[in-house]
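# Architecture and fold: a report
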Amino acid sequence: MAEMVKSTTSSGPRTAEANPVTRFFRATEIDTRLLGMIGALVIIWIGFHIITGGLFLTPRNLWNLSVQTTDIAIMTTGMVLIIVTRNIDLSVGSVLGLCGMIMGVTQAKILPEYIGFDSPFTWVITLLVGLIAGGLIGTFQGMIIAFLNVPSFIVTLGGLLVWRGATWLVTSGQTVAPMDQTFRIMGGGAEGSIGATWSWIVGIVACLFVIASIVGSRRQRRRFGFPRRPIWAEYFLATLSCVLILGAVSIANSYYWPINIAKKYAETNNIPWPETGLDIPYGIAVPVLIAIVVGIIMTFIATRLRFGRYVFAIGGNPEAAELAGIKTRWVTVRIFALMGVLAAIAAAISTARLNAATNSQGTLDELYTIAAAVIGGTSLAGGTGTIAGAMLGALVMQSLQSGMVLAHVDTPLQSVVVGTVLVVAVWLDTVYRARAK
């Protein structure tokens, strides 16, 4: 009881004088900017659902939307750190295309000569080759930016052209297909989903992880004497998180395999085909799980590791960070190397989903990645940004694209809408920063 009194009164007289809404947000510590983005996303979803005649908010479209968002969502986690340090990377789309082509050639043309077709090691070697290629490209660009003092805008703009040209040179413009069967699991689809049972297991584990995080955070605050949220706020956050997680799992399990794929699966596994058909849920897609894991790791790097603190210190004041002994140049190199690895992961997912490596892969992805980060609250002035907000911004961007496609909006008009949203997002960020001062 004493703990509850201490927790609820720790914010002082200001809390008592505030209105109920303000007290609620102070108690729960919910990020109002993130909440505003969620509200905007809900409005976008409802609006497109009405415009498309009920096609948008269906399990099928929401499942496809989650898979289509993964490429940008993964890359935008790295773009946050780059923009926070007052840099920019315009080459991520071209790096994605080049890494995708390298992985395609590796598994379709090079490895079969040495280890044969359908080797269990094909996808592992392919992925390693892609990650190494992406890391080397990012490191190379970071070295030029950090040690030759060439602005990141110019270096990555040159990279956008160079790596796109290199993608064409690898196969002289030819498309490489098909991909290894195991490798294709990273792209989603019927084979790239974990099914209903495992989806519920993942959902329950995620809920336990959230609860454990809340309990651990409370213990840490008590240990170091920091103010704690009221008990009711802890229960509210835990309940809300679990409801959202299990709701997402339920939607994923409500989307079933097409009849032809289900019949083929039944024949392969000697399952009798019932008269009413066989409903096999997709469950959570593998690329979505990869994106979630990447988001968790990047959040840990940005908020828990010394490297993440250095990144935000550089973004806040580069001169002060240098004087404090931070090796700013090597931090910059590591950021761009990390961005290259993330682009390679996105390339693996994109190539696996298409079941081919093409020259057009990643075209304009750099713009969508930057837009997602900015919409998610990352300031172009540096020093501010969150991984969760950027990934939510990627979902907003993909929702706009998906909705406009379903609404049969012409492609030029889609570009107008995306560009307008980006400008408005930057303007809102400027207004927010001005008021914060």
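Residues numbered from 1 in each chain as written. Predicted model: local features only at pLDDT ≥ 70, side-chain atom pairs only at ≥ 80, totals over all residues. Heavy atoms only, no water.

## Description of the domain arrangement of the protein chain
For the protein chain, the assigned domains are domain 1 (31-44 + 51-190 + 285-431) and domain 2 (192-283). Across the domain 1 to domain 2 interface the summed buried area is about 1,100 Å²; carbon plus sulfur atoms make up 72%. For the interface between domain 1 and domain 2, the tally reads 0 salt bridges. Our count for the contact surface shared by domain 1 and domain 2 stands at 6 residue pairs in polar contact (both at pLDDT 80 or more). Elements represented by at least two residues in the side of domain 1 that touches domain 2 include exactly helix H5 (59-84) and helix H12 (286-304). Per-element accounting of the side of domain 1 that touches domain 2 gives the leading share, 5 residues, to H5. (Domains from an automatic or database assignment. Buried area = accessible area lost by both parts, 1.4 Å probe. Salt bridge = Lys/Arg side-chain N within 4 Å of Asp/Glu carboxyl O. Polar contact = N/O pair within 3.5 Å; in protein donor to acceptor, adjacent residues only side chain to side chain. Helix = DSSP H or I, 4+ residues; strand = E, 2+ residues; numbered from the N terminus.)

## A look at the environment of isoleucine 44
Along the chain, isoleucine 44 turns up in helix H4 (residues 32-51). On the basis of relative accessibility, which here comes to 18%, the residue isoleucine 44 falls in the buried class. A C-alpha to C-alpha distance of 7.5 Å links isoleucine 44 and serine 399, two positions 355 residues apart in sequence. If we skip the residues at most four places from it in the chain, isoleucine 44 touches Val396, Ser399 and Leu400. (Buried < 20%, exposed > 50% of the residue type's maximum accessible area, 1.4 Å probe, protein only. Contact = heavy atoms within 4.5 Å.)

## Regarding helix H16 (residues 365-375)
Across the 11 residues of H16, 10 count as buried, placing the element largely inside the fold. Those residues of H16 not exposed but buried are Asp365, Glu366, Tyr368, Thr369, Ile370, Ala371, Ala372, Ala373, Val374 and Ile375. Glycine 377 sits one or two positions beyond H16 and adopts a positive phi of about 105°.

## Examining the environment of glutamate 366
With respect to the helices, strands and loops of the structure, glutamate 366 is situated in helix H16. The exposure class assigned to glutamate 366 is buried, which follows from its relative accessible area of 7%. Taking the C-alpha atoms as reference points, glutamate 366 and isoleucine 72, 294 residues apart in sequence, are found 8.6 Å from one another.

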